[in-house]
Amino acid sequence: KAAGTPPLPRPSFHCSDISMGTGASAGLAAGIAASSDDQLSALLKDVTPRCRAKLKEALQMAATLSVGDSAATVAELKLEINGSTFQYISERPLELERLGIYADVFPGCVGADKVVAVLAEGGGGKKEFTALVKGSAASLVKGTCAVTLTDLLPSEAIEYTFAEAPGKWAIAQISRQALDIMMKSKFGMWRDMLLKGECEAQ
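None of the values given here were measured: they were computed from a predicted structure. (Residues numbered from 1 in each chain as written. Predicted model: local features only at pLDDT ≥ 70, side-chain atom pairs only at ≥ 80, totals over all residues. Heavy atoms only, no water.)

J.: What is the right way to look at the side chain of Glu-128 in this model?
T.: Looking at the element boundaries, Glu-128 is found in strand 4 (residues 125–134). When residues no more than four places from it in sequence are discounted, the contact partners of Glu-128 are Arg-92, Tyr-102, Ala-117, Val-118, Leu-153 and Ser-155. (Helix = DSSP H or I, 4+ residues; strand = E, 2+ residues; numbered from the N terminus. Contact = heavy atoms within 4.5 Å.)

So this is what it looks like as structure tokens:
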């Protein structure tokens, strides 16, 4: 230890503190990690067997959270869209390129600790949900189709680019199904105007 460096605060706890939940467990683990072997030995000398058991349980809980918190939290989300429920299969961090595209329309992606692509399967086949993780809480990202006004997953929204900037992609809150319907109806209107129009301007 360098001269003049103040000693680390000795971790202390009461048996009742160990059962306060995940936040207390994580704080206890952090305090122990910052302590020297001598400090820990002195601390455990006066601990009763009952407290030792509770301490062990709390540390195991904290270790589980630090390793698997993101996966466990995202996996427990209710993956539902427009009345259909899907079962979690796997997850992966959303690619930076896609994150840049999503962030313009779904600003919540910017402030999240993690943005995760979640693969799920249900009666309608497989879908890719997008989840935001902030601390120990997770939530799904959903938009609204501008045509049908139904819920829309970012992965199912239309992405587009212009010839002037072919490398810059953007996203519109409209589904492929809605776009196909619009294109067919517009074509039908144009065809009727061409074949059945009575005005010379048509």
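J.: For this particular structure, what's the right way to read the sheet that holds strand 5 (residues 137–140)?
T.: Strand pairing within a sheet occurs via backbone hydrogen bonds; the two strands may be parallel or antiparallel. Taken in spatial order, the five strands line up as 1-2-3-4-5 in an open sheet, and their pairing is antiparallel. In this open sheet, the two strands that pair with only one neighbour each are strand 1 (79–81) and strand 5. Ignoring which end each strand starts from, the neighbouring axes of this sheet average 40° apart. With nine bridges joining them, strand 3 (residues 114–122) and strand 4 adopt antiparallel strand pairing. Directly across from Lys-114, in strand 4, lies its bridge partner Val-133. (Pairing = 2+ DSSP bridges. Axes fitted to C-alpha atoms, helices over the stretch in contact; angles between N-to-C directions.)

J.: Even after reading the chapter, I still don't get the nonpolar core, so can you show me in this structure?
T.: Among soluble globular proteins, nonpolar side chains are generally buried collectively. The biggest cluster of nonpolar side chains holds 13 residues, and the ones touching the most others in it are Leu-94, Tyr-102, Phe-106, Cys-109, Val-115, Leu-132 and Ile-171. Secondary structure elements with two or more residues in this core: helix 5 (96–105) and strand 3. Leu-94 has contacts with Leu-99, Tyr-102, Val-115, Val-116 and Ala-117, leaving out every residue within four places of it along the chain. Counting residues in each nonpolar core, the second largest holds 12 residues, with Ile-81, Val-116, Val-133 and Leu-153 among its members. (Core = buried A, V, L, I, M, F, W, Y, C linked by side-chain atoms within 4.5 Å. Buried < 20%, exposed > 50% of the residue type's maximum accessible area, 1.4 Å probe, protein only.)

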